[in-house]
Amino acid sequence: MTDEDSPPVVTEITGSIAIVRFNRPAQRNPLSLHTLQELRRTTSALFPRDHIQAVIFTGTDDIFASGANIRELAQLDTEAALEFSRLGQDLFQTIADAKQVTIAAINGYCMGGGLDLALACDIRVASQSAVFSHPGASLGIITGWGGTQRLPGIIERARALEFFATIRRYSSSAALEIGLLSRVGDPVMECALECARAAEAVASLS
């Protein structure tokens with residue numbers, strides 16, 4: 001089965017934990033219009049469920065998510081581009097506002113809009129090999145999905161400006177040092193599941 005034949009997002013539910021996985025690694029898991037629409041349908045189905053206590057977002061192979069599809073963006077007119085930006089903003093705000101604990105299990109490259117999604121989550125854990133960057137400045141664009149507002153609230157403002165302006169790539173250890181991540185470890189999904197179980201245990205006491 002090729003990437004084109006596979007659903008862009010797949011979901012697995014085990015007990016009270018849902019795992020949402022980006023599923024087109026050959027295309028570097030782009031957050032295309034189709035992917036965002038599928039993710040919106042997925043989150044709309046998951047977030048109202050009271051028995052779901054945690055939602056983990058992750059990728060496939062060595063790619064978490066690579067952000068918007070630049071070729072797709074280049075074909076959008078002004079109105080369509082505005083709608084696309086609002087779709088991403090509304091979707092990521094929905095993730096940020098979810099009653100469940102949301103966790104980004106960053107298994108590899110986390111770029112642009114993919115990083116925006118991770119920033120919308122409550123907790124970010126990453127594998128040793130994960131890489132982080134906001135490369136939009138090299139293309140003369142800036143992220144439109146909330147990352148510019150969320151990143152300064154997570155790391156220092158000066159570091160956030162550096163992140164956006166220099167398109168520097170950060171390793172997991174560097175991202176952990178500046179406070180972007182809560183934890184680094186392999187396998188990253190086990191780290192994420194441990195965080196989900198701990199959060200669920202705390203919630204059961206309240």
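Before going into details, it helps to say that this report is about the structure given with it. (Residues numbered from 1 in each chain as written. Predicted model: local features only at pLDDT ≥ 70, side-chain atom pairs only at ≥ 80, totals over all residues. Heavy atoms only, no water.)

With respect to the packing of aromatic side chains
Scanning the model with the defined rule gives four aromatic pairs in all. Their ring planes at 85° and their centres at 6.0 Å tell us that Phe22 and Phe64 sit as a pair that is edge-to-face. Of this pair, Phe22 sits in strand β2 (residues 17-22) while Phe64 sits in strand β4 (residues 63-65), and the two are 42 residues apart along the sequence. When its relative accessible area of 2% is taken as the criterion, Phe22 is described as buried. Judged by centre distance (4.5 Å) and plane angle (5°), the rings of Phe163 and Tyr170 are stacked. With a relative accessible area of 2%, Tyr170 lands in the buried category. Each member of the aromatic cluster is reached from another via a ring pair, and the members are Phe84, Phe92 and Trp145. (Phe/Tyr/Trp six-rings, centres within 6.5 Å; stacked < 30°, edge-to-face > 60°. Helix = DSSP H or I, 4+ residues; strand = E, 2+ residues; numbered from the N terminus. Buried < 20%, exposed > 50% of the residue type's maximum accessible area, 1.4 Å probe, protein only.)

So, the pattern of salt bridges
Applying the stated rule across the entire model yields five salt bridges. The residue Lys99 makes a salt bridge to Asp50 at a minimum N-O spacing of 2.5 Å. Taken together, the positions of Lys99 in the loop between α3 (78-97) and β5 (101-106) and Asp50 in the loop between α1 (33-46) and β3 (54-58) put the pair 49 residues apart, joining distant regions of the chain. One salt bridge in this structure joins Glu162 and Arg168, with 3.7 Å as the shortest N-O distance. Residue classification places Arg168 among the partly exposed residues on the basis of a relative accessible area of 36%. (Salt bridge = Lys/Arg side-chain N within 4 Å of Asp/Glu carboxyl O.)

Here's the deal with the pairing of strand β1 (residues 9-14)
Of the pairings in the sheet, the one linking β1 to β2 comprises six bridges and is antiparallel in character. Bridging from a neighbouring strand, Thr14 pairs with Ile17 of β2. (Pairing = 2+ DSSP bridges.)

Regarding the sheet that holds β5
Judged by pairing direction, the sheet is mixed, and its six strands sit side by side in the order β1-β2-β3-β5-β7-β10 without closing on themselves. At either end of the open sheet lies a strand with only one pairing partner, and these are β1 and β10 (183-184). Running at roughly 145° to β5, helix α4 (residues 113-120) makes contact with β2, β3, β5 and β7 (123-126) of the sheet. (Contact = heavy atoms within 4.5 Å. Axes fitted to C-alpha atoms, helices over the stretch in contact; angles between N-to-C directions.)

Considerations on the packing of α1 against α3
Two elements in contact, α1 and α3, have axes separated by 10 Å at closest approach and are oriented at 30°. Taken together, the axis directions place α1 and α3 in an arrangement best described as roughly parallel. Considering only the axes of α1 and α3, their crossing is left-handed. Of the residues in α3, those touching α1 at Leu33, Leu36, Gln37, Leu39, Arg40 and Thr43 are Phe84, Leu87, Gly88, Leu91, Phe92 and Ile95. Considered class by class, the residues forming the contact of α1 with α3 number eight nonpolar, three polar and one charged. (Parallel < 35°, antiparallel > 145°, perpendicular 65-115°, else oblique. Left-handed = near helix turned anticlockwise from the far one by under 90°. Nonpolar A, V, L, I, M, F, W, Y, C, P; charged D, E, K, R; others polar.)

Read these as spatial facts, not as claims about activity.
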